[in-house]
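Next come the chains, spelled out residue by residue.
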Amino acid sequence: MSLNGFTLPPMENEPVLGYLPGSPERKSLQDELKRQSQEIVEIPCIINGEEVWTDNIVEQVMPHRHAHVIARVHLAGEKEIRNAIEASLHAHQSWSSLPWQERASIFIKAADLLAGERRAEVNASTMLNQSKTCHQAEIDSACELIDFWRLNPHFAQQIYQNIQPPISPEGIQNSCEGRALEGFIFAVTPFNFTSIAGNLPSAPALMGNTAVWKPSRNSYLSNYKIMQLMMDAGLPAGVINFVPARASEISDICMSHPMLAGIHFTGSTGVFDHIWTQVGKNLPNLRSYPRIVGETGGKDFIVAHPDCREKALLTAMLRGAFEFQGQKCSAASRCYIPASVWERIKQPYIDEVAQVKMGDPADFSNLVSAVIDEKAFNNITGYIERARKSDDAEIITGGNYDSTVGWFIEPTTIVVKDPQYESIKEEIFGPVLTVYVYNDEEFEDVLKLCDETSPYSLTGSIFANQEADIETATKALRYSSGNYYINDKPTGAVVGQQPFGGARGSGTNDKAGSPINLMRWVSVRTVKRNFNPPEDWRYGFLKPDE
Ligand code: NAD
């Protein structure tokens with residue numbers, strides 16, 4: 001489509017580059033990794049388009065080499081946080097009045113920069129900051145964010161077209177105006193996806209809103225690069241304010257501000273529960289009921305039927321559980337496997353996991369690297385130690401860990417006898433997969449068990465060959481996940497292909513990267529225009545009988 005010179009990009013996903021030996025992308029990424037490893041970036045807050053240096057500094061390190069500092073971050077205090085809110089409220093006036101195509105063209109430009117000259121820089125920063133392999137960085141900080149920025153404008157167009165009322169009788173003109181929300185959006189982002197960090201403030205901004213963006217303390221460098229990229233693409237001052245700050249301080253100020261219009265959150269369920277409760281308490285001070293969108297934790301499952309493709313199952317387990325050290329909300333973390341299948345795949349599975357190399361992501365032969373920080377390391381290894389001591393659990397792969405250089409934990413598999421054992425119920429958010437082996441004839445019972453075991457409902461997979469078995473599982477697991485996979489791993493949702501999000505304890509299921517999410521950032525005003533307004537208040541029925 002074309003309107004005043006504006007053209008939407010093709011409705012296509014950004015191709016994933018392979019980084020094969022000898023490829024140009026591998027060379028430029030390696031050069032960039034070297035360059036960024038030799039510098040310490042000074043990161044300011046960005047408020048109203050200006051760099052703000054506070055001298056309240058925290059250091060950012062590489063998780064796989066935690067003595068190596070990659071950035072020094074200037075944290076905002078109360079004054080800067082309040083200035084950021086004021087800047088976004090001020091920018092709202094002009095930004096929300098722009099035609100949506102003008103707003104979209106800025107994010108499309110950002111996508112083009114990221115797809116081209118800035119790709120290696122952003123991917124390298126994600127690899128160093130969050131310990132991702134080149135492939136994990138490529139599908140996150142390059143492809144997924146490019147897809148958000150190129151495809152969201154299509155969804156915005158659908159929304160603005162489809163909200164128009166279908167009926168305008170003669171003499172009346174009805175219309176709907178898709179306004180931005182009144183106030184500012186508080187975007188609170190997780191460490192694990194650079195793309196989500198970029199999307200949470202920019203999706204509402206596309207719909208005319210302005211945002212205060214609080215990045216995670218574990219992804220400041222990559223997130224700062226995204227902020228710079230959006231500004232270089234022409235984002236006006238104040239539309240998105242980049243505000244590294246202590247979580248409790250910024251959230252107290254933002255969530256009690258009368259002009260809080262919405263919260264766009266991704267992170268753990270506990271933090272989201274806290275946010276929701278705070279908003280409830282502050283409600284009397286707020287001008288509007290804020291829109292609260294949150295994508296939270298998961299305890300994502302794989303259920304295998306006795307008749308299934310066993311090699312595909314093994315691959316899904318290994319990739320689904322251990323890529324990016326299991327730190328995906330969608331990571332496979334519990335597996336229900338029939339005894340006959342387990343008898344055949346147990347040893348091959350152990351052998352394959354033993355092949356996985358762990359180490360620095362700058363060495364491209366590693367599939368697994370370090371977990372994000374010491375707190376995560378202690379939490380995950382606590383599960384491993386308790387399993388080691390438990391009579392209900394047996395560790396069959398990994399189980400070792402070492403934090404001397406980086407926060408490294410081997411890909412660990414725990415087989416449990418008790419289907420309610422802690423590691424099969426709770427989100428661990430690390431490279432730990434728990435397996436429960438069931439009797440072949442108890443497939444339907446195990447589906448019920450899977451549905452009822454954890455409070456989450458994010459992603460899940462079923463491996464089965466026969467249509468009837470697939471149908472049985474699909475029905476039994478209807479509310480067990482927001483994203484459901486048949487004969488595939490439960491990770492790797494693609495924007496425009498599998499809109500992403502979960503329900504129950506996994507969030508509000510507003511499906512990132514789809515019109516469903518964007519609609520949350522629109523507040524519709526309905527306009528009725530009457531060309532012949534009545535001039536006599538007396539209805540006909542009031543007339544006396546003749
Ligand atoms: P986290 O909950 O620790 O932090 C998320 C964000 O919330 C960070 O910016 C953090 O500083 C902030 N925060 C912490 N305390 C806060 C408070 N009191 N008030 C306001 N903000 C606060 O999560 P994380 O470790 O960054 O990310 C991992 C979690 O995110 C996992 O639970 C994972 O499942 C979830 N996640 C979910 C999805 C999804 O789409 N469902 C995607 C990615 C990650």
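Note: the structure precedes this text.
Being a predicted model, the structure only gives us computed values, none of them experimental. (Residues numbered from 1 in each chain as written. Predicted model: local features only at pLDDT ≥ 70, side-chain atom pairs only at ≥ 80, totals over all residues. Heavy atoms only, no water.)

(A) Seen up close, the overall build of the protein chain. Counting secondary structure elements, the protein chain contains 16 helices and 25 strands. In terms of C-alpha radius of gyration, the protein chain reaches 25 Å, essentially the compact-globule figure of 24 Å for 546 residues. Taking the principal axes of the C-alpha coordinates as reference, the protein chain spans close to 90 × 65 × 45 Å. Put simply, the protein chain has 546 residues, and 57% of those count as buried. Pairs at least 24 residues apart make up 78% of the contacts formed inside the protein chain by residues separated by at least 6 positions. Surface accessibility of the protein chain: about 23,200 Å² in total, with carbon and sulfur atoms responsible for 50%. Charge centroids of the protein chain, computed over 49 positive and 67 negative side chains, lie 3 Å from each other. (Helix = DSSP H or I, 4+ residues; strand = E, 2+ residues; numbered from the N terminus. Rg over C-alpha atoms; globule rule 2.2 N^0.38 Å. Buried < 20%, exposed > 50% of the residue type's maximum accessible area, 1.4 Å probe, protein only. Contact = heavy atoms within 4.5 Å. Areas by Shrake-Rupley, 256 points an atom, 1.4 Å probe, with all protein chains shown as cover. Lys, Arg positive; Asp, Glu negative; His and termini not counted. Charge placed at Lys NZ, Arg CZ, Asp CG, Glu CD.)

(B) Spatial organisation of the packing of aromatic side chains. Tallied over the full model, the rule gives 12 aromatic pairs. Connected via pairs of aromatic rings, a cluster forms that spans Phe6, Trp100 and Tyr160. Seen from the ring of Phe324, Lys132 lies directly overhead, with NZ or CZ sitting 4.3 Å from the centre. (Phe/Tyr/Trp six-rings, centres within 6.5 Å; stacked < 30°, edge-to-face > 60°. Lys NZ or Arg CZ within 6 Å of the ring centre and 35° of its normal.)

(C) How the structure looks around the nonpolar core. Ile43, Trp149, Met207 and Met230 are the most contacted members of the largest nonpolar core, which totals 70 residues. A total of 12 residues in this core trace back to one element, the largest contributor, which is helix α5 (residues 134-162). Contact partners of Ile43, with chain neighbours within four places excluded, come to Trp53, Ala71, Arg72, Val73, His74, Tyr220, Leu221, Tyr224 and Phe242. Grouped together as the second largest cluster of nonpolar side chains are 34 residues, Phe191, Tyr336, Ile462 and Ala464 included. (Core = buried A, V, L, I, M, F, W, Y, C linked by side-chain atoms within 4.5 Å.)

(D) Representation of the site of the ligand within the structure. Around the ligand, the surrounding shell holds 27 residues, and the nearest of these are Thr189, Lys214, Ser268, Thr296 and Glu427. Gly267 is positioned such that a nitrogen or oxygen atom in its backbone is 3.3 Å from an oxygen atom of the ligand. Here a nitrogen atom of the ligand sits 2.8 Å away from a polar atom, N or O, in the main chain of Thr296. Surface burial for the ligand is 86%, taken as the share of its 850 Å² of free accessible area covered by protein chains. (Near = heavy atom within 4 Å. Polar contact = N/O pair within 3.5 Å; in protein donor to acceptor, adjacent residues only side chain to side chain.)

(E) Layout of helix α8 (residues 247-255). Residues of α8 that are buried: Ile250, Ser251, Ile253, Cys254 and Met255. Looking at the buried positions of α8, the neighbouring elements they touch are α2 (78-95), β9 (184-188), β10 (211-214), β12 (260-266) and α9 (269-282).

(F) Expanded view of the pairing of strand β20 (residues 432-438). Along β20, six of the seven residues are buried, which leaves the element largely enclosed by surrounding structure. By the bridge criterion, five bridges tie strand β15 (residues 332-338) to β20 in an arrangement that is parallel. The residue of β20 that forms the bridge with Cys335 is Val435. Pairing geometry for strand β19 (residues 412-416) and β20, over five bridges, is parallel. (Pairing = 2+ DSSP bridges.)

(G) Examining the sheet that holds β20 more closely. The strand order across the open sheet built from seven strands is β16-β19-β20-β15-β14-β22-β23, with neighbouring strands paired in mixed fashion. Looking along the sheet, the strands with just one partner apiece sit at the ends: β16 (393-397) and β23 (483-486). Direction aside, neighbouring strands of the sheet carry axes that sit 20° apart on average. Lying on the sheet, helix α15 (residues 467-476) is in contact with β22 (459-463) and β23; it crosses β23 at an angle near 165°. (Axes fitted to C-alpha atoms, helices over the stretch in contact; angles between N-to-C directions.)

(H) Highlighting the sheet that holds strand β6 (residues 57-62). The strand order β3-β7-β6 describes an open sheet built from three strands, whose pairing is mixed. Here the strands that pair on one side only, and so sit at the sheet edges, are β3 (41-43) and β6. Averaged over all pairs of adjacent strands, the angle between strand axes in this sheet comes to 40°, irrespective of strand direction. As judged from the six bridges shared by β6 and strand β7 (residues 65-74), these two strands associate in the antiparallel manner. Within β7, the residue paired with Val58 across the bridge is Val73.

(I) Broad picture of helix α12 (residues 374-389). The end-to-end C-alpha separation of α12 is 22 Å, in line with the 22 Å expected for 16 residues at 1.5 Å each. Within α12, burial applies to Ala376, Phe377, Ile380, Thr381, Gly382, Tyr383, Ile384 and Ala387. Buried residues along α12 sit against β16, β17 (401-402), β18 (408-409), β19, α13 (422-425) and β20. The N-cap residue of α12 is Asp373: its side-chain oxygen and the backbone nitrogen of Lys375 are 3.3 Å apart. (Expected span 1.5 Å × (residues − 1).)

Distances and angles like these do not, on their own, reveal function.
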